[in-house]
Amino acid sequence: MRLVIFKTYQEMSVAGAAYIAERITRFQEDRPFVLGLPTGSTPLGIYRELIRRYREGKISFSRVISFNMDEYLGLPTGHPQSYHTFMWENFFSHIDIRASNVHILNGETRDPEEECGAFEEAIKAAGGIDLFLGGMGEDGHIAFNEPFSSFSSRTRVQILTEDTRAVNARFFDGDIKQVPRAALTVGVGTVMDAREVLVAASGRNKARALRDAVEGGISHRCPLSCLQNHPKVTIMCDNAAAVELEAGTVEYFKTLEQSIQEQTGGTSRP
């Protein structure tokens, strides 16, 4: 595991976007780059930076296939708070990705099991996820994999906890009753199958989850802790999210990052 601590959310966002752009532009295989994507407030800064790079002609998404992590079950695709709407308004409409290469789970499906199975098959058909960008829930969930989700889980229906619905109520006029009670989500196993995982965490409200994911043992109570077993995972955070880490942990990762930058000439910084 690699933990990179930045002073601010903006610095983290710029570095995260640069890291993703570098992975896409240097991809040499004879197939599109497959990118897993999240929603939520944390990745917005990364999306803005990737859009800026596209507009400056520094990157193209014409050979990128995307798979989004999740979608609310039962919410119409055109709903202002659907993840379809979120992704097109905040990212896809501003870059040159092909609409046929965008994959977002259909929350309006009449057969959720079939929808989830088809999503897994589409990932396989695309060659698997090359890089999965993820966020971090306050309780340590990734995508909508709530605490105690199976580490071998695949794309499925997930009943949302009241805590998750309460946090997301801010997107529904502060009314938890408007927040769907279930979602379609990639599984923990789906994320772990990605060749690389990049997680972004920002703010003091993510500090406890970050501590548990980095310093705690691997536990179903904190789904993100599964990433301790992933061969190539980077967690980016700002200082606010790192406040509950032990001083020795912070010093270790900062020293390690300095060594990495010295050896690579700064080309390996997320």
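Coordinates for the structure precede this section.
Residues numbered from 1 in each chain as written. Predicted model: local features only at pLDDT ≥ 70, side-chain atom pairs only at ≥ 80, totals over all residues. Heavy atoms only, no water.

*Asks:* Sorry, what's going on with the packing of aromatic side chains here?
*Replies:* Both the distance between ring centres and the angle between the ring planes are used here to describe each pair of aromatic rings. Summed over the entire model, instances satisfying the criterion amount to 11 aromatic pairs. For the ring pair Y72 and F144, a centre distance of 5.7 Å and an interplane angle of 45° mean the geometry is tilted. Of this pair, Y72 sits in strand β4 (residues 70–72) while F144 sits in the loop between β6 (131–134) and β7 (156–159), and the two are 72 residues apart along the sequence. Grouping residues by exposure puts Y72 and F144 together as buried. Through a chain of ring-to-ring contacts, three or more aromatic side chains come together here, namely Y47, F61, W88, F91 and F92. (Phe/Tyr/Trp six-rings, centres within 6.5 Å; stacked < 30°, edge-to-face > 60°. Helix = DSSP H or I, 4+ residues; strand = E, 2+ residues; numbered from the N terminus. Buried < 20%, exposed > 50% of the residue type's maximum accessible area, 1.4 Å probe, protein only.)

*Asks:* Help me understand the nonpolar core in this model?
*Replies:* Taken as a class, soluble globular proteins show a tendency for nonpolar side chains to be buried jointly. Core analysis: the largest hydrophobic core is formed by 40 residues, its most contacted members being L3 and L210. Within the residue set of this core, elements represented by two or more residues are β1 (2–6), β3 (64–68), α4 (112–125), α6 (188–192), β9 (197–201), α7 (207–215), β10 (233–238) and α8 (247–264). Take this core: its biggest share by element is four residues, from α7. Once residues lying within four places of it in the same chain are set aside, the contact partners of L3 are L210, V214, I235, C237, L245 and F253. Within the second largest apolar cluster, 33 residues are counted, among which are M12, F92, A200 and M236. (Core = buried A, V, L, I, M, F, W, Y, C linked by side-chain atoms within 4.5 Å. Contact = heavy atoms within 4.5 Å.)

*Asks:* I keep staring at the side chain of R165 and nothing clicks. Help me out?
*Replies:* In this structure, R165 sits in helix α5 (residues 162–168). In this structure the side chain of R165 is engaged in a polar contact, spanning 3.4 Å, whose partner is the backbone oxygen of P180. Not counting chain neighbours up to four residues away, the residues in contact with R165 comprise L160, I176, K177, V179, P180 and R181. (Polar contact = N/O pair within 3.5 Å; in protein donor to acceptor, adjacent residues only side chain to side chain.)

*Asks:* Where do I start with the sheet that holds β4 in this structure?
*Replies:* Sheets are built from strands paired through backbone hydrogen bonds, the pairs being either parallel or antiparallel. Reading across from one edge, β4-β8-β7 is the order of the three strands in this open sheet, with antiparallel pairing throughout. Only two strands of the sheet have a single partner each, and these edge strands are β4 and β7. When the angles between neighbouring strand axes are averaged without regard to direction, this sheet yields 30°. Relative to strand β8 (residues 182–185), β7 is paired through four bridges, and the arrangement is antiparallel. Bridging across to β8, R156 finds its partner in T185. (Pairing = 2+ DSSP bridges. Axes fitted to C-alpha atoms, helices over the stretch in contact; angles between N-to-C directions.)

*Asks:* Can you help me understand the packing of helix α2 (residues 44–55) against helix α3 (residues 83–90) in this one?
*Replies:* To describe two helices that pack against each other, one gives the angle between their axes and the distance between the axes. Running from N to C, α2 and α3 point in directions that differ by 40°, and their axes come no closer than 10 Å. When the interaxial angle is binned, α2 and α3 end up oblique. In this structure, α2 contributes L44, Y47 and I51 to the contact, and α3 contributes F86, M87 and N90. Of the residues contributing to the contact of α2 with α3, the split by class is five nonpolar, one polar and no charged. (Parallel < 35°, antiparallel > 145°, perpendicular 65-115°, else oblique. Nonpolar A, V, L, I, M, F, W, Y, C, P; charged D, E, K, R; others polar.)

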